[in-house]
Each structure stands twice: as structure tokens, then as C-alpha cells.
Amino acid sequence: MPQQERAVRTRRAVLEAAATVFAERGYAAATIAEILDRAGVTKGALYFHFDSKAALARGVLQEQMTTEYHVPRELRLQEWVDAGMTLAERLPREPMLLAGVRLSADLQGRDVFGSAWPACAELTGSLLAEAKERGEVLPHVVPEETAQVFLGGWIGVQFVSQAVADWSDLDHRMSALFNHLLPAIAAPAVLVRLDTAPDRGARVIAEVRQKPAATLAGANS
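A brief look at the structure comes next. (Residues numbered from 1 in each chain as written. Predicted model: local features only at pLDDT ≥ 70, side-chain atom pairs only at ≥ 80, totals over all residues. Heavy atoms only, no water.)

1. Side note on the overall build of the protein chain
Next up, step 1: From N to C terminus, the protein chain includes 12 helices and zero strands.
Next up, step 2: Mapped in sequence order, the helices and strands of the protein chain form the string α-α-α-α-α-α-α-α-α-α-α-α.
Next up, step 3: Considered along the principal axes of its C-alpha atoms, the protein chain spans approximately 60 × 55 × 30 Å.
Next up, step 4: The burial tally for the protein chain puts 45% of its 221 residues in the buried class.
Next up, step 5: In the protein chain, once contacts between residues fewer than 6 apart in sequence are set aside, the share between residues at least 24 apart is 68%. (Helix = DSSP H or I, 4+ residues; strand = E, 2+ residues; numbered from the N terminus. Buried < 20%, exposed > 50% of the residue type's maximum accessible area, 1.4 Å probe, protein only. Contact = heavy atoms within 4.5 Å.)

2. Comments concerning the nonpolar core
Next up, step 1: Core analysis: the largest hydrophobic core is formed by 33 residues, its most contacted members being Leu77, Trp80, Phe150, Trp154, Met174 and Phe178.
Next up, step 2: Listed by contribution, the elements that provide at least two residues to this core are α5 (76-90), α6 (95-104), α8 (117-133), α9 (143-165) and α10 (170-185).
Next up, step 3: Sorting elements by how many residues they give to this core places α10 first, with seven residues.
Next up, step 4: For Trp154, the contacting residues outside a window of four places in its chain are Leu87, Ala88, Leu91, Cys120, Leu170, Met174 and Leu177. (Core = buried A, V, L, I, M, F, W, Y, C linked by side-chain atoms within 4.5 Å.)

3. Overview of unusual backbone geometry
Next up, step 1: A positive phi angle, near 50°, is found at Asp166, a position not held by glycine.
Next up, step 2: One non-glycine residue, Trp167, lies in the positive phi region at around 75°.
Next up, step 3: Assignment of secondary structure puts Trp167 in the loop between α9 and α10.
Next up, step 4: You can call Trp167 buried: its relative accessible area is 9%.

4. Side note on the packing of helix α1 (residues 3-29) against helix α2 (residues 32-39)
Next up, step 1: One can describe the packing of α1 onto α2 by two numbers: an axis separation of 8 Å at closest approach and a directional angle of 125°. In terms of their interaxial angle, α1 and α2 are classed as oblique. Note on packing geometry: the crossing formed by α1 with α2 is right-handed. For the pair α1 and α2, contact is made by Ala13, Val14, Ala17, Ala18, Thr20, Val21, Phe22, Glu24 and Arg25 and by Glu34, Ile35, Arg38 and Ala39, respectively.
Next up, step 2: Residues belonging to the contact of α1 with α2 are distributed by class as follows: eight nonpolar, one polar and four charged. (Axes fitted to C-alpha atoms, helices over the stretch in contact; angles between N-to-C directions. Parallel < 35°, antiparallel > 145°, perpendicular 65-115°, else oblique. Left-handed = near helix turned anticlockwise from the far one by under 90°. Nonpolar A, V, L, I, M, F, W, Y, C, P; charged D, E, K, R; others polar.)

5. Description of the packing of aromatic side chains
The geometry of an aromatic ring pair comes down to the distance between the two centres and the angle between the two planes.
Next up, step 1: Counted by the stated rule, this structure contains five aromatic pairs.
Next up, step 2: Between Phe22 and Tyr27, the aromatic rings sit 5.8 Å apart at their centres with planes inclined by 35°, giving tilted as the arrangement. Each member of the pair Phe22 and Tyr27 is classed as buried.
Next up, step 3: Considering the side-chain rings of Tyr27 and Phe113, the 4.6 Å spacing of their centres and the 50° angle between planes classify their relative orientation as tilted. A residue pair is termed long-range when its members are at least 10 positions apart, and Tyr27 in helix α1 and Phe113 in helix α7 (residues 110-113) qualify at 86 residues.
Next up, step 4: By relative accessible area, which is 5% here, Phe113 ends up buried.
Next up, step 5: Pairwise contacts between aromatic rings join Phe22, Tyr27 and Phe113 into one cluster. (Phe/Tyr/Trp six-rings, centres within 6.5 Å; stacked < 30°, edge-to-face > 60°.)

6. Digging into the environment of Lys132
Next up, step 1: Tracing the backbone through its elements, the reader meets Lys132 in helix α8.
Next up, step 2: Through-space distance from the C-alpha of Lys132 to that of Ala187 is 9.4 Å; in sequence the pair is 55 residues apart.
Next up, step 3: A polar atom in the side chain of Lys132 sits 3.2 Å from the backbone oxygen of Pro139. (Polar contact = N/O pair within 3.5 Å; in protein donor to acceptor, adjacent residues only side chain to side chain.)

Following this line, the structure appears as C-alpha cells:
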């Protein structure tokens, strides 16, 4: 295996192991020794990529804002909904995202390694600003303010879903959050076109995963 590819795989293995430990134990209780054991790498290999436990936490948080499942849509508001619904679908199944939730809520640790919340609010604000420019959002809406309101609702939805249903109803709670917020900000003609169903995230993920096969089939036809 080429050295560069080996380094990329090692870094990913370390990040995934750290995410699993952070998700299970939180930052303070997590140890480098356990992360090394989970990753199956040497201490030297870990410290080549991350010089501290805080650096590992920052690395995990940087993985939160992925565009892997982003699909351009005619409506920017639908892109925003899709981002939220795919996240709700993935979060219970992906330790990297679960770790991001726990790390972001660590009020003691966030001064050391940060939080994913600001990036989430920034993404929401950017999509809402574009939507407003395109006439999808009502004139009185302030995108940055709405982004902060949504962030607060999203954080609350996460914790309630985890506490009462072990994440099993997160997609339904996320759908309800959008259904309550969108009528206050979306232009009526746009609102009726938005898909906020609880299974929206699963359908978007399936769409993205099927694209390479569909593209290949088209090229071979």
C-alpha cells in the first residue's frame, strides 16, 4: 500500500476510534490508551496525526459538517430541510456524529476543542440567506436569527429523542421541528412544495448512494 494511502487510512481509523470512545464516555473520561486499542495503531502513528486528545476531539468535530449527502435542489429551503433530515437519519447510526453531539454539549471542554454548533448555525444562515434572495423566505425573516432559533430547537430535539426513545424517533421529531418552523418563515407558494416527511432523510441518502451506479449505467448504455 502506498505510504500516503496508508497514512490516510490510519488517520481515519484513529478518528473513528476516537469518535466511538468520545460518544460512549465523553471527553473527560476518554483515554488515549483506549482510543489506541480501538484503532489498532501504535502511539507513534496516532501522535503523527494528532498531538493530543484535544486535537482528536477537534478532528472529530471537523467531520460533522460533511457535504457527502448534499443534493442541489431547485429550492434552497428544500436543501436546508434535506441537510437536517439526512443528519437526523444518520446520527443514531454513526459514532462520528454521536461523538459530535456529546462533544458540542460539553460546556467544560468546548473551551479546549470547540463545538460543531457555530458551523451548523453558519450553514443554516447561509442557506436561508440564499433562500431569501430567491424569494423563498418572507421579507421580515433575519436568516442569522432564524439560524440560532433553529439550532436551539435542533439541540433540544436531539436530547429529548435520546432521553425518551434512544434516538429511535429522531427523524419524526426533526420533521415536526421543520413543520412548526417553516410556516413562520417560508413564502406560502414555497411552503406547499417542501417535503418534510420523516423518511425524507432516508430517501435523500438512498438517492445519493444510487447516483454512481446510475451514472455508470448511463455511461455503459
